[in-house]
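# Reading the structure
Letter by letter, the chains look like this.
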Amino acid sequence: MIDRLTLPRVAIVVGTHDGRGLLERCLTALHVLDYPADRYQIIVIDNASQDGTATIVAERFPSVRLVHSPLNLGFAAANNLGFAQGPADFFVTLNNDTAVTAGWLTELVRPALADASVGLVTGKLILMQDRLRVRLRCPEARTGPLELPTGVWRDGVPVRVERLGPPNPTYLEFGVP
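Fair warning: this is a prediction, and the values are worked out from it, not measured in the lab.

Reading the values: the criteria
- Residues numbered from 1 in each chain as written.
- Predicted model: local features only at pLDDT ≥ 70, side-chain atom pairs only at ≥ 80, totals over all residues.
- Heavy atoms only, no water.
- Helix = DSSP H or I, 4+ residues; strand = E, 2+ residues; numbered from the N terminus.
- Buried < 20%, exposed > 50% of the residue type's maximum accessible area, 1.4 Å probe, protein only.
- Contact = heavy atoms within 4.5 Å.
- Phe/Tyr/Trp six-rings, centres within 6.5 Å; stacked < 30°, edge-to-face > 60°.
- Pairing = 2+ DSSP bridges.
- Axes fitted to C-alpha atoms, helices over the stretch in contact; angles between N-to-C directions.

## Remarks on the environment of L94
Mapping L94 onto the fold places it in strand β4 (residues 90-95). With relative accessibility at 10%, the residue L94 sits in the buried group. A C-alpha to C-alpha distance of 8.9 Å links L94 and C26, two positions 68 residues apart in sequence. When residues no more than four places from it in sequence are discounted, the contact partners of L94 are I12, V13, V14, G15, L30, F75, V100 and W104.

## So, the packing of aromatic side chains
In this structure the tally under the stated criterion is 2 aromatic pairs. Ring geometry for Y35 versus Y40: centroids 6.2 Å apart, planes at 70°, classification edge-to-face. Y40 sits in the buried class, given a relative accessible area of 13%.

## Focus on the sheet that holds strand β8 (residues 162-163)
Read from one edge to the other, the open sheet built from 3 strands follows the order β5-β9-β8, with strand pairing classed as antiparallel. On the outer flanks of this sheet lie β5 (132-137) and β8, each paired with one strand and no other. Bridge count for β8 against strand β9 (residues 171-176) is 2 bridges, and the pairing is antiparallel. Following the sheet pairing, E162 is matched in β9 by G175.

## Concerning the sheet that holds strand β2 (residues 40-47)
Within the open sheet, the 4 strands sit side by side as β3-β2-β1-β4. Their pairing is parallel. Every interior strand has two partners, whereas the edge strands, β3 (65-69) and β4, have only one. Between one strand and the next, the sheet's axes are offset by a mean angle of 20°, whatever the strand orientation. As defined by bridge partners, β2 adjoins β3 across 5 bridges and the pair is classed as parallel. Each bridged residue has a counterpart across the sheet, and for N47 the counterpart in β3 is S69. Docked against the sheet, helix α4 (residues 104-114) engages β1 (10-16), β2 and β4, running at close to 135° with respect to β4.

Have a look at this one:
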């Protein structure tokens, strides 16, 4: 059982570059955590966004610490900038296109609190959109690499496909949202 009065202080670092639309969903989910609000802070590193990201964070999420970078630092350097923003017992990094469940942070810190030798934990990544899984088998006589299909449509609208399995010489697995 976790004692909610002694939960560790957690800094949640979210790097973004022109990710306004994605970031809103991420920050909304982070604001309904069942973790005590005084035990975590959300830090958004804005990597030189030009899409109004900083404005939406300042207006809709005033409790979020917003750090502006004049350059797009990329994921790792943005996280490092976030780590330097203040003291915390644990640091968490999130992509701006993630959304978490209310109990996510409590469950994330649980293994580290239970065993002092645990130095890193990670959550389970679940795709936010359902995917139609497609497996195409190739004729045995075919040689050469298998390429993802292009020109895929769903309901008359072009969609991007994503490779879902490891490369395989006899079949190709991909997902369609």
